[in-house]
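What follows is each chain in one-letter form.
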Amino acid sequence: MAGTSMVHEDSSTLSKLDRTLFNIESKLALAGGLVILALMLLAVAQIIGRKLFNLPVPGFIDWVEQAMAVFAFLGVAYCHRLGGHIRMDILVGRLKGRALWGAELVSTLVMLFLTMALTYGSWLHFMRAFTNGDSSIDIALPLWPAKFMVPLALSILSLRLVIHTWGYIRAVISGEDEPIAVPLIEDAATQAAHEAESVSGANVDEEEGKA
């Protein structure tokens, strides 16, 4: 299922680091959104130019290919901080307390290891493109800027996973129900209630209280 979550904050160093990184992640996600907007405008120009004036945008496919790397990766860490990625929580969703945070810690450590490996591999791939001067076929756009987006985004995701690891370790030690700096995934009933509230504009909790 796709998770929705809340993240608790306080005045601790961990929470400050979480908020600082989230500010960076938000800006990167915004940049990805702006690239999508620019790509949509470019597509409009391509369609109008081709259909009405027989003047397509030069290298349209090349621009699309390069832009895909930007908006596909820049929002990854932002989404992970909010717990927005697809989760299989049939078993984990039944756990509580230290058992839950321990399971989340193990999965986060696995993700951190894989992400760091991918970061290293994508960095080497970027360096080859940068050193060799790789370019696109049509209008010879340099490929290294788009390839640089991958290790950049994965590096930010690695930092996010380090913060989550720290948060889960604290939660395992303390046994607290709502630790800071980690996404607290809502169950299906709570998600449904919040979705109904956002659609209807009514406060579901207040309605339940009156009932």
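The structure displayed is predicted, hence computed values, not measured ones.

1. Describing the overall build of the protein
Each helix and strand counted, the protein has seven helices and two strands in total. The order of α-helices and β-strands along the protein, N terminus first, is β-α-α-α-α-α-β-α-α. By the burial criterion, 32% of the 211 residues in the protein qualify as buried. For the protein, contacts bridging at least 24 residues in sequence account for 77% of all contacts bridging at least 6. About 12800 Å² of surface is accessible on the protein, with carbon and sulfur atoms providing 69% of the total.

2. Some remarks on the layout of surface pockets
Computed from the structure, the second largest pocket encloses a volume of approximately 280 Å³. Around the second largest pocket, the lining comprises 17 residues; the ones closest to its centre are His80, Arg87, Glu104, Ser107 and Met111. For the lining of the second largest pocket, the secondary-structure elements that each account for two or more residues are helix H4 (97–132) and helix H5 (144–174). Among the elements that line the lining of the second largest pocket, the one with the most residues is H4, at five residues. Of the residues contributing to the lining of the second largest pocket, the split by class is eight nonpolar, six polar and three charged.

3. So, the side chain of serine 122
Looking at the element boundaries, serine 122 is found in helix H4. Sequence-distant contacts of serine 122, that is, excluding residues within four places in its chain, are made with Val150, Pro151 and Leu154.

4. Re the nonpolar core
Within the largest apolar cluster, 17 residues are counted, with the highest numbers of intra-cluster contacts made by Leu14, Leu74, Ile156, Leu157, Ile163 and Ala181. No other element matches the eight residues that H5 contributes to this core. Apart from residues lying up to four places away in sequence, alanine 181 is in contact with Val7, His8, Leu14, Asp18, Ile163 and His164. Judged by nonpolar contacts, the second largest core, of seven residues, contains Leu100, Leu105, Ala171 and Leu184.

5. A closer look at H4
The terminal C-alpha atoms of H4, which comprises 36 residues, lie 52 Å apart, in line with the 52 Å expected from a rise of 1.5 Å per residue. For H4, the full list of buried residues reads Leu100, Trp101, Glu104, Leu105, Thr108, Leu112, Thr115, Thr119, Ser122, Phe126 and Ala129. Buried residues along H4 sit in contact with H5 and strand S2 (184–185). One or two residues past the end of H4 sits glycine 133, with phi positive at roughly 70 degrees.

6. Brief notes about the environment of histidine 8
Turning to its location among the elements, histidine 8 is positioned in the loop between strand S1 (5–6) and helix H1 (13–53). Spatially, the C-alpha atoms of histidine 8 and isoleucine 180 are 4.7 Å apart, while their sequence positions differ by 172 residues. In this structure histidine 8 touches Glu178, Pro179, Ile180, Ala181 and Leu184, once residues within four positions along its chain are discounted. For histidine 8, the side chain forms a polar contact with the side chain of glutamate 178, separated by 3.0 Å.

7. Structural notes on the pattern of salt bridges
Inspection of the entire model under this criterion finds five salt bridges. One salt bridge in this structure joins glutamate 9 and arginine 19, with 4.0 Å as the shortest N-O distance. Of this pair, glutamate 9 sits in the loop between S1 and H1 while arginine 19 sits in helix H1, and the two are 10 residues apart along the sequence. The exposure class assigned to glutamate 9 is partly exposed, which follows from its relative accessible area of 46%. For arginine 19, a relative accessible area of 31% translates into the label partly exposed. Taking the shortest distance from any N to any O, the salt bridge between arginine 160 and aspartate 18 comes out at 2.5 Å. A residue pair is termed long-range when its members are at least 10 positions apart, and arginine 160 in helix H5 and aspartate 18 in helix H1 qualify at 142 residues. There is no split in this pair, since arginine 160 and aspartate 18 are both buried.

Basis of the calculations
Residues numbered from 1 in each chain as written. Predicted model: local features only at pLDDT ≥ 70, side-chain atom pairs only at ≥ 80, totals over all residues. Heavy atoms only, no water. Helix = DSSP H or I, 4+ residues; strand = E, 2+ residues; numbered from the N terminus. Buried < 20%, exposed > 50% of the residue type's maximum accessible area, 1.4 Å probe, protein only. Contact = heavy atoms within 4.5 Å. Areas by Shrake-Rupley, 256 points an atom, 1.4 Å probe, with all protein chains shown as cover. 1 Å grid on protein atoms, 1.4 Å probe; cavity = no way out; pocket = protein on both sides within 12 Å on 5 of 7 lines; lining within 4 Å. Points joined across faces, edges and corners; volume = space filled by probe spheres on them. Nonpolar A, V, L, I, M, F, W, Y, C, P; charged D, E, K, R; others polar. Core = buried A, V, L, I, M, F, W, Y, C linked by side-chain atoms within 4.5 Å. Expected span 1.5 Å × (residues − 1). Polar contact = N/O pair within 3.5 Å; in protein donor to acceptor, adjacent residues only side chain to side chain. Salt bridge = Lys/Arg side-chain N within 4 Å of Asp/Glu carboxyl O.

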